[in-house]
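# Structure at a glance
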Amino acid sequence: MNRLTLLLAATACLFMSGLLYTLERIATFTRWNAQIATGTFSSEPMFVDVLLQNVFISIFGVAAIVLFFKAGSAVQNTSSTKAGTADL
């Protein structure tokens with residue numbers, strides 16, 4: 001895989017991790033608001049750590065970090081000599 005492909009894959013993994021985290025937070029707040037409206041819940045929300053609850057957030061996050069490091073250490077195939085020239 002070249003550097004651009006690794007960067008695109010890392011960005012996609014980071015985006016998915018952030019999207020899943022945001023959706024989990026929206027679901028938690030929506031549930032809490034619904035319970036407050038019906039009067040079946042206390043005044044303080046019971047927040048859980050969504051990073052540990054949903055394992056896919058952690059998997060995508062770790063994969064993004066690993067891919068960013070691999071992209072940073074990837075060597076691009078460039079040559080300093082032009083075609084048809086020889087070392088003098």
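From a predicted model like this one, the values you see are computed outputs, not experimental measurements.

Another aspect to go through is a nonpolar patch on the surface. Taken together, Phe15, Met16, Leu19, Leu23 and Ile26 make up a surface patch of nonpolar side chains, about 460 Å² in accessible area. Looking at the element boundaries, Met16 is found in helix H1 (residues 3–38). Accessibility expressed as a relative area gives 31% for Met16, which makes it partly exposed.

This brings us to the side chain of Asn54. Structurally, the position occupied by Asn54 is in the loop between helix H2 (50–53) and helix H3 (55–73). Side-chain polar atoms of Asn54 contact the side chain of Glu24, separated by 3.3 Å.

What follows deals with the nonpolar core. Leu6, Ala10, Cys13, Ala64, Leu67, Ala71 and Ala74 form the largest nonpolar core, which has seven residues in total. When contributions to this core are tallied by element, the ones reaching two or more residues are H1 and H3. Those residues in contact with Ala71, other than ones at most four positions away along the chain, are Arg3, Leu6 and Leu7.

Orientation of H1 relative to H3, taken along the N-to-C sense of each, is 155°, at an axis distance of 8 Å. Looking at the two axes, H1 sits roughly antiparallel to H3. Helix-helix and strand crossings are classified by hand; for H1 and H3 the assignment is left-handed. Counted by class, the contact of H1 with H3 contains 17 nonpolar, four polar and three charged residues.

The rules behind each value
- Residues numbered from 1 in each chain as written.
- Predicted model: local features only at pLDDT ≥ 70, side-chain atom pairs only at ≥ 80, totals over all residues.
- Heavy atoms only, no water.
- Patch = residues over 30% accessible without salt bridge, like charges linked within 9 Å, V, L, I, M, F, W, Y side chains within 5 Å.
- Areas by Shrake-Rupley, 256 points an atom, 1.4 Å probe, with all protein chains shown as cover.
- Salt bridge = Lys/Arg side-chain N within 4 Å of Asp/Glu carboxyl O.
- Helix = DSSP H or I, 4+ residues; strand = E, 2+ residues; numbered from the N terminus.
- Buried < 20%, exposed > 50% of the residue type's maximum accessible area, 1.4 Å probe, protein only.
- Polar contact = N/O pair within 3.5 Å; in protein donor to acceptor, adjacent residues only side chain to side chain.
- Core = buried A, V, L, I, M, F, W, Y, C linked by side-chain atoms within 4.5 Å.
- Contact = heavy atoms within 4.5 Å.
- Axes fitted to C-alpha atoms, helices over the stretch in contact; angles between N-to-C directions.
- Parallel < 35°, antiparallel > 145°, perpendicular 65-115°, else oblique.
- Left-handed = near helix turned anticlockwise from the far one by under 90°.
- Nonpolar A, V, L, I, M, F, W, Y, C, P; charged D, E, K, R; others polar.

By themselves, these observations are geometric and do not establish any function.
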